[in-house]
Amino acid sequence: ELLRPAVRDLVGLKVVVSAGPTREYLDPVRFISNPSSGKMGFAVAEEARSRGADVTLVTGPVTLSDPPGLRVVPIGSALELRGAVIAAAQDADIVVMTAAVADYRAAQASGEKQAKVAGDVTVQLTPNPDILAELGQQRGGRVLVGFAMETHAGVERAAAKAARKNADFILLNYPTREGTAFGGDDNQVTLVRPDGSSEDWPRLSKREVARRLLDEALRVRARQAE
Ligand code: CTP
Ligand code: CA
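The model shown is predicted, which means the values in this text are computed figures rather than measured ones.

Novice: So, the site of ligand 1: which residues are in play, and what are the values?
Specialist: Around ligand 1, the surrounding shell holds 13 residues, and the nearest of these are Met97, Ile131, Leu132, Gly146 and Ala148. Mapped onto the shell around ligand 1, the elements with two or more residues apiece are helix 3 (131-137) and strand 9 (143-149). Counting residues per element, the shell around ligand 1 draws most heavily on strand 9, which supplies 3 residues. Counted by class, the shell around ligand 1 contains 8 nonpolar, 2 polar and 3 charged residues.

Novice: Describe the nonpolar core, with residues and values.
Specialist: Residues Val15, Val95, Val145 and Ile170 are the most contacted members of the largest nonpolar core, which totals 55 residues. Per-element accounting of this core gives the leading share, 6 residues, to helix 1 (residues 39-50). Other than its neighbours up to four places away in sequence, Val145 contacts Val95, Val96, Met97, Ala167, Asp168, Phe169, Leu213 and Ala217.

Novice: Can you explain the UniProt feature "binding site: CTP" (unreviewed entry) in the protein chain? Please cite residues and give values.
Specialist: Following the UniProt record, the feature "binding site: CTP" (unreviewed entry) maps to Asp103, Lys113, Pro129, Asp130, Ile131, Leu132, Phe147, Lys161 and Lys165 here. These annotated residues cover 63 residues of sequence, and their C-alpha atoms reach 37.1 Å apart at the extreme, placing them across more than a single site. With respect to the element layout, Asp103 can be found in the loop between strand 6 (94-97) and strand 7 (104-106). Taking the C-beta count within 10 Å as the criterion, Asp103 has 14 such neighbours and is therefore assigned partly exposed. Ignoring anything within four residues of it in the chain, the contact list for Asp103 reads Pro127 and Asn128. In this structure, Lys161 sits in helix 4 (residues 154-165). Since 21 C-beta atoms lie within 10 Å of it, Lys161 is described here as buried.

Novice: Residue-level account of the packing of helix 1 against helix 5 (residues 206-225), with values.
Specialist: In the contact formed by helix 1 and helix 5, the axes pass within 8 Å of each other and the chain directions differ by 55 degrees. It follows that helix 1 is oblique to helix 5 by the angle criterion. The handedness of the crossing between helix 1 and helix 5 comes out as right-handed. Only Lys206, Arg207, Ala210, Arg211, Leu213 and Leu214 of helix 5 make contact with helix 1, whose side of the interface consists of Lys39, Met40, Ala43, Val44, Glu47 and Ala48. Classifying every residue of the contact of helix 1 with helix 5 gives 7 nonpolar, no polar and 5 charged.

Novice: Just give me the short version of the sheet that holds strand 13 (residues 198-200), but keep the residues and values in it.
Specialist: Spatially, 5-4-1-6-9-10-12-13 is the arrangement adopted by the 8 strands of the open sheet, whose pairing is mixed. Strands at the two margins of the open sheet, each flanked by one partner only, are strand 5 (71-74) and strand 13. Within the sheet, the average angular offset between the axes of one strand and its neighbour, ignoring direction, is 15 degrees. Relative to strand 5, strand 4 (residues 54-59) runs parallel, the two sharing 4 bridges. Bridge assignment links Val58 to a residue of strand 5, and that residue is Val73.

Novice: Please give an account of the environment of Leu213 that cites residues and values.
Specialist: Within the fold, Leu213 resides in helix 5. Residues Leu213 and Pro67 lie 146 residues apart in sequence; the distance between their C-alpha atoms is 19 Å. Setting aside residues no more than four positions away along its own chain, Leu213 makes contact with Val44, Val96, Val145 and Leu171.

Novice: With reference to specific residues and values, describe the pairing of strand 9.
Specialist: Within strand 9, 6 of the 7 residues are buried, leaving the element largely enclosed by the surrounding structure. Pairing of strand 6 with strand 9 involves 4 bridges; the strand directions are parallel. Bridge pairing links Met97 to Gly146 in strand 9. Here 5 bridges tie strand 9 to strand 10 (residues 169-173), and the two strands are oriented parallel to one another.

Novice: Describe helix 2 (residues 78-89), and please don't skip the residues or the numbers.
Specialist: Taking 1.5 Å of rise per residue, the 12 residues of helix 2 would be expected to cover 16 Å, and the 16 Å separating its terminal C-alpha atoms lies within 8% of that figure. Residues Ala78, Leu81, Arg82, Val85, Ala88 and Ala89 constitute the buried set of helix 2. Seen along its axis, helix 2 keeps its buried residues to an arc of 145 degrees; they face one direction. For helix 2, the secondary structure elements touched by its buried residues are strand 1 (14-19), strand 2 (24-27), strand 4, strand 6, strand 7 and helix 3.

Definitions and cut-offs
Every chain's residues receive numbers from 1 upward, in the order its sequence appears when written. Chain labels run from A onward and ligand labels from 1 onward, assigned in the order the entries are written. Whole-chain, interface and lining totals are the exception, using all residues; otherwise, since this is a predicted model, local features are given only for residues with pLDDT of at least 70 and side-chain atom pairs are given and counted only at 80 or more. As used in this record, a residue near a molecule or strand is one whose C-beta atom, placed from the backbone, is within 6 Å of it. Under the scheme used here, helices are H or I runs from DSSP no shorter than 4 residues and strands are E runs no shorter than 2 residues, and both carry numbers assigned from the N terminus. Residue type decides the class: Asp, Glu, Lys and Arg count as charged, Ala, Val, Leu, Ile, Met, Phe, Trp, Tyr, Cys and Pro as nonpolar, and the leftover types, Gly among them, as polar. By convention in this section, buried Ala, Val, Leu, Ile, Met, Phe, Trp, Tyr and Cys residues joined through C-beta atoms within 7 Å make up a nonpolar core. Exposure in this text rests on C-beta crowding, where 20 or more other C-beta atoms within 10 Å of a residue's own make it buried, 12 or fewer make it exposed, and counts in between make it partly exposed. The C-beta atoms are placed from the backbone. Each residue is represented by a C-beta atom placed from its backbone, and any two residues with such atoms within 7 Å are regarded as in contact. UniProt positions are given in the numbering used here, feature names are shortened, and annotations may be inferred rather than shown by experiment. Here, axes are lines fitted to C-alpha atoms. For helices the fit covers the stretch in contact, and angles between N-to-C directions go from 0 to 180 degrees. Any angle from 65 to 115 degrees is called roughly perpendicular, while one under 35 is roughly parallel, one over 145 is roughly antiparallel, and all others are oblique. Two helices cross in a left-handed way if the nearer one is turned anticlockwise from the farther one by less than a right angle. They cross in a right-handed way if the turn is clockwise. Here, strands pair whenever DSSP counts at least two bridges between them. Helix span, as expected, comes to 1.5 Å for every residue beyond the first. Directions drawn from the helix axis to the C-beta atoms are what define this arc.

Encoded structure:
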């Protein structure tokens, strides 16, 4: 790390990063969520900041402390995440969606704590909006990056997602890769493009994954400017 010369290749660029889980409350004391630690998104935000970008980090509830020198926007639900990301993305150059957005929320969240009942209960869920897909529909000149975790047919599924959401690329990982993904300090990802082409990266620190992600985003940006 220390031997690496300071690269300032993101000066003048606005980068928006979403990180962490969302919480979808069923009632005031219960929610649906997932184990996202936020580490990957924070690493992207910190790396972008160190390379000179103006960074907005929209984050769900995580135990990490706010990195200095960037705008941190805390959110709870997917709907809040959407509001904050869409607002920040308006004049952004690069948007990176690492957030683990809950796919559903309660169709009718209760304002009061629900007492338990004898026997089974059914909770009606309704789909959350797809934020990456919404950004993909209003692309402007932005570079759009997603993440995906798949248990099977990873490259195929991630490429289909990138194409459907109109993202420039998706970094794919697998929940079964030891020491990576949820909560780990390392990540082992495959870069997947909407055309189905892909590149396997070795197991790297999340910061190094962030570095390569931003390198790739700059290459996409240069190509778009041609
Ligand atoms: N994403 C999003 N809004 C959602 C769901 C996902 O912006 N409501 C983003 C994620 O932040 C991620 C990418 O889309 O960058 C892929 O997320 P993933 O959950 O793999 O995609 P889904 O379309 O939800 O597909 P799946 O059915 O596999 O969960
Ligand atoms: Ca999903």
